[in-house]
Amino acid sequence: MAARKRVVVAGLGDVGLLTAIRLAKHADVVGISAKSALVSGQELGVRISRPGDWARDYWIPFDRFRGLDRVRTVQATLTGVDLASRTVFGRGGDGATTAEEFDALVISTGVTNGFWRQPTMESADEIGAGLHAAHNRLAAAGSVIVVGGGAAAVSSAVNMATTWPDKRIDLYFPGEAALVGYHPRTWDRIRGRLTALGVGVHPGHRAVLSNGAGHEITSEPVSWTTGQPPATADAVLWAIGKVRPNTDWLPPELLDEHGFVRVSPELEVPGHRGVFAVGDVAASDPLRSSARNRGDSLVAHNIRAEFTGRRLRTYRTPGRRWGSLVGIQADGLEVFLPTGHAFRLPAWSVQRVVMPGLVRWGMYRGVRANDPLR
Ligand SMILES: Cc1cc2nc3c(=O)[nH]c(=O)nc-3n(C[C@H](O)[C@H](O)[C@H](O)COP(=O)(O)OP(=O)(O)OC[C@H]3O[C@@H](n4cnc5c(N)ncnc54)[C@H](O)[C@@H]3O)c2cc1C
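The chain is annotated in an unreviewed UniProt entry as Pyridine nucleotide-disulfide oxidoreductase from Mycobacterium ahvazicum. Quoted straight from UniProt, the Sequence similarities (unreviewed entry) entry for the chain says "Belongs to the FAD-dependent oxidoreductase family."

(A) Main features of the environment of G214. Within the secondary structure, G214 is located in the loop between β12 (200–202) and β13 (235–238). By relative accessible area, G214 is classed as buried at 14%. Sequence-wise, G214 and T120 are 94 residues apart; in three dimensions their C-alpha atoms are separated by 16 Å. Those residues in contact with G214, other than ones at most four positions away along the chain, are G114, F115, W238 and I240.

(B) Representation of the packing of helix α3 (residues 51–58) against helix α4 (residues 124–140) in the model. At a minimum axis separation of 11 Å, α3 and α4 run at an interaxial angle of 150 degrees. Judged by the twist between their axes, the crossing of α3 over α4 is right-handed. Residues P51, W54 and A55 of α3 form the contact with α4, whose participating residues are L131, H132 and H135. Considering only residue class, the contact of α3 with α4 consists of four nonpolar, two polar and no charged.

(C) The arrangement of the domain arrangement of the chain in detail. Taken as a whole, the chain is organised into domain 1 (6–122 + 246–320) and domain 2 (141–238). Inter-centroid distance (C-alpha atoms) of domain 1 to domain 2 is 31 Å. Each partner contributes to the interface: domain 1 provides 12 residues, whereas domain 2 provides 17 residues. Counting the surface domain 1 buries against domain 2, the share from its top three residues, S49, F115 and R320, is 43%. Linking domain 1 to domain 2 there are two residue pairs in polar contact (both at pLDDT 80 or more). Residue classes in the side of domain 1 that touches domain 2 are distributed as six nonpolar, three polar and three charged.

Rules used in this analysis
Residues numbered from 1 in each chain as written. Predicted model: local features only at pLDDT ≥ 70, side-chain atom pairs only at ≥ 80, totals over all residues. Heavy atoms only, no water. UniProt positions renumbered as here; feature names shortened; annotations may be inferred. Helix = DSSP H or I, 4+ residues; strand = E, 2+ residues; numbered from the N terminus. Buried < 20%, exposed > 50% of the residue type's maximum accessible area, 1.4 Å probe, protein only. Contact = heavy atoms within 4.5 Å. Axes fitted to C-alpha atoms, helices over the stretch in contact; angles between N-to-C directions. Left-handed = near helix turned anticlockwise from the far one by under 90°. Nonpolar A, V, L, I, M, F, W, Y, C, P; charged D, E, K, R; others polar. Domains from an automatic or database assignment. Buried area = accessible area lost by both parts, 1.4 Å probe. Polar contact = N/O pair within 3.5 Å; in protein donor to acceptor, adjacent residues only side chain to side chain.

Shown next as structure tokens:
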């Protein structure tokens, strides 16, 4: 019998975790990641306004995923890869070096963005402390400015206004409309919701980026390069989409001019068979959207195909952003399609069918109940 192949998944975030689960039965899988849990970059709005709800779905220790039982996880910072000897290197919390050989490698280290997506080694206590510090800071503020026009900014404004109806919330963004990349109908609908919640909506404002902008909540007045007088609030949340790919550990010849990993339509790194990239780190399409368009399944399929000499599949994207923008709310979960149309799943179905059945069993192949000691 042929020896089982070895796959290293570098970065166990939203998409690396799913890829590891999909491959676990078919190969010896090692996952290397800075944290010992899934700490998703999704749903910033729910995270800052209702951290308990967010943690239930988006902060899950690896040992609670049944699908990872066969996967060996290593908590380490990735430091390099030797493509000739097919070995990945990392540094553990104690400073010791780890080296993992692979037949296939999945690069899924994502991007750094704001205080909520940092690729640093963190214990559960440190993750919890960061989560509560941001929430407490915003909860204590009488007024909040949100700078940015993407999903993270819009979701933050909607969720804060829903959780804290008495707070003054203002959303500032540079263009005529927010949510660029989504169908225009999506912004029309969300703008109506923001207005109904009493959020001040301020198009045409491009902020001067101060020192803390982009990686912490600040309190200084915000100035505008677009000429308006400065705006003030007790807290300023910067969600300006200043993403930086987590690719310092990779040889520069694998990267495009912006530092993202170049990939073929099969999500394979050109010239390196068996090396794949997926998720926000992969230059798969202009929106780098393979995480939300089932890139995990495609890469898992292609790795198995590569091992067995079958044909690889190619990645397809709808060409527009889509998904849940504001997360689960008391009235259910609204999902925006690439066409800009939205459908709402009622709250009962989200709690009883979608999350336990489709997400925890269907997608993650089983998630154990919450650790009572946490
Ligand atoms: C099921 C699903 C549903 C989604 N739904 C939506 C949606 O509705 N709307 C939407 O806009 N988007 C959606 N997304 C996409 C989402 O917005 C992001 O694209 C996704 O979170 C990116 O995942 P990632 O794994 O590429 O990055 P991340 O989740 O950031 O994972 C990267 C991981 O690598 C680790 N890492 C980074 N560098 C190092 C290093 N040097 N050493 C060790 N570890 C490192 C990080 O700590 C992190 O754990 C969805 C994604 C999925 C999978």
